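Geometric and topological summary
Below, each chain spelled out in residue letters.
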Amino acid sequence: MNLYQSLGYLVFGSRLRRMSETFLAEINRIYQNEGIEFDASWFPVFYLLSKNDSLSIKELSEQTEVSHPAASQLITNLKNRNLVETTVCADDGRRQLVKFTDKGRDLLTQILPIWDAISASMTELAESDEAIKEILPAISAMENTFRNYNLAGKVSDKLKPIRHEKV
């Protein structure tokens, strides 16, 4: 058992971040090995746009659960690479609609088979171990519960008796 495993929930966030960084680096290496200039951080936008003709930055922000400024920054990055373009919404001049450029659609065509291969490989990995099979349901359960848990408040409540003892 390594240090991180021995510390349990004290380093839960750090372990998730490390795992995420390792996983995303591996995914980026897959694109690189295939000679495709694509970054894993673009996946949510590419995926959502692959299912929709266009989406507003607000819709992208809400569906990816990132802040509007973060979504806007990602869209600007993709616009600078000529992968997406924005147009003003005809119904509401304040909304910007995001859609693929021809270059973005061409890139999507190249990466769709990679997504299928990643999904199949990860399914194969999960089926290789009973504990791993439960990872996605467990993460979903943790996300759903954590949204309403108020960890900071629970910890504060547990510290109140300790603070009173010191006085």
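As a reminder, the structure under discussion sits directly above these lines.
Okay, so let's go over this structure.

Rules used throughout
Residues numbered from 1 in each chain as written. Predicted model: local features only at pLDDT ≥ 70, side-chain atom pairs only at ≥ 80, totals over all residues. Heavy atoms only, no water. Salt bridge = Lys/Arg side-chain N within 4 Å of Asp/Glu carboxyl O. Helix = DSSP H or I, 4+ residues; strand = E, 2+ residues; numbered from the N terminus. Buried < 20%, exposed > 50% of the residue type's maximum accessible area, 1.4 Å probe, protein only. Axes fitted to C-alpha atoms, helices over the stretch in contact; angles between N-to-C directions. Parallel < 35°, antiparallel > 145°, perpendicular 65-115°, else oblique. Left-handed = near helix turned anticlockwise from the far one by under 90°. Contact = heavy atoms within 4.5 Å. Nonpolar A, V, L, I, M, F, W, Y, C, P; charged D, E, K, R; others polar. Phe/Tyr/Trp six-rings, centres within 6.5 Å; stacked < 30°, edge-to-face > 60°. Lys NZ or Arg CZ within 6 Å of the ring centre and 35° of its normal. Patch = residues over 30% accessible without salt bridge, like charges linked within 9 Å, V, L, I, M, F, W, Y side chains within 5 Å. Areas by Shrake-Rupley, 256 points an atom, 1.4 Å probe, with all protein chains shown as cover. 1 Å grid on protein atoms, 1.4 Å probe; cavity = no way out; pocket = protein on both sides within 12 Å on 5 of 7 lines; lining within 4 Å. Points joined across faces, edges and corners; volume = space filled by probe spheres on them. Expected span 1.5 Å × (residues − 1). Polar contact = N/O pair within 3.5 Å; in protein donor to acceptor, adjacent residues only side chain to side chain.

Re the pattern of salt bridges
Under the criterion given, the structure shown has seven salt bridges. Aspartate 102 is the partner of arginine 105 in a salt bridge, and the nearest nitrogen-oxygen pair spans 3.6 Å. Taken as a pair, arginine 105 and aspartate 102 lie in helix H6 (residues 102-127) at a separation of three residues, close to a single helical turn. The exposure class assigned to arginine 105 is partly exposed, which follows from its relative accessible area of 40%.

Examining the packing of helix H4 (residues 57-64) against helix H5 (residues 68-80)
Close contact between H4 and H5 brings their axes to 9 Å; oriented N to C, the two are set at 115°. What the angle tells us is that H4 and H5 run roughly perpendicular. The hand of the H4/H5 crossing is right-handed. Contact residues: H4 offers Ile57, Lys58, Leu60 and Ser61, while H5 offers His68, Ala71, Ser72 and Ile75. When grouped by side-chain class, the residues that make up the contact of H4 with H5 number four nonpolar, three polar and one charged.

A word on the packing of aromatic side chains
Tallied over the full model, the rule gives nine aromatic pairs. Geometrically, the ring pair formed by tyrosine 31 and phenylalanine 38 is edge-to-face, given 4.7 Å between the ring centres and 65° between the ring planes. The class of tyrosine 31 is buried, set by a relative accessible area of 2%. Looking at phenylalanine 38, the relative accessible area reads 7%, which means it is buried. Three or more aromatic residues link up through ring pairs in this structure, and these residues are Tyr31, Phe38, Trp42, Phe46 and Phe100. Lying over the aromatic face of tyrosine 4, arginine 18 brings its terminal NZ or CZ to 4.0 Å of the ring centre.

A look at a nonpolar patch on the surface
Residues Tyr9, Phe12, Leu16, Met142, Phe146, Tyr149, Leu151, Val155, Leu159 and Ile162 make up a contiguous nonpolar surface patch of roughly 950 Å² in combined accessible area. The element best represented in the nonpolar patch is helix H9 (residues 151-166), accounting for four residues. In this fold, tyrosine 9 is placed in the loop between helix H1 (3-6) and helix H2 (12-33).

Focus on the layout of surface pockets
A probe as big as a water molecule, rolled over the atoms, marks out the empty space that is left. One number sums up the size of the largest pocket: a volume of about 2,200 Å³. Every element with two or more residues in the lining of the largest pocket is listed here: H2, helix H3 (43-51), H4, H5, H6, helix H7 (130-133) and helix H8 (135-149). Residue contributions to the lining of the largest pocket peak at 10 residues, all from H2. Classifying every residue of the lining of the largest pocket by side-chain character gives 30 nonpolar, nine polar and seven charged.

Quick look at H2
In this model H2 runs 31 Å from its N-terminal to its C-terminal C-alpha over 22 residues, within 8% of the 32 Å that 1.5 Å per residue would give. Looking at the residues trailing H2, positive phi occurs at glycine 35, about 70°.

Examining H5
In this model H5 runs 18 Å from its N-terminal to its C-terminal C-alpha over 13 residues, within 8% of the 18 Å that 1.5 Å per residue would give. Where H5 is buried, its residues touch H3, H4, strand E2 (84-88) and strand E3 (96-100). Its side-chain oxygen 3.1 Å from the backbone nitrogen of alanine 70, serine 67 forms the N-cap of H5. Just beyond H5, the residue with positive phi is asparagine 82, at close to 60°.

Shape descriptors only; they carry no functional weight alone.
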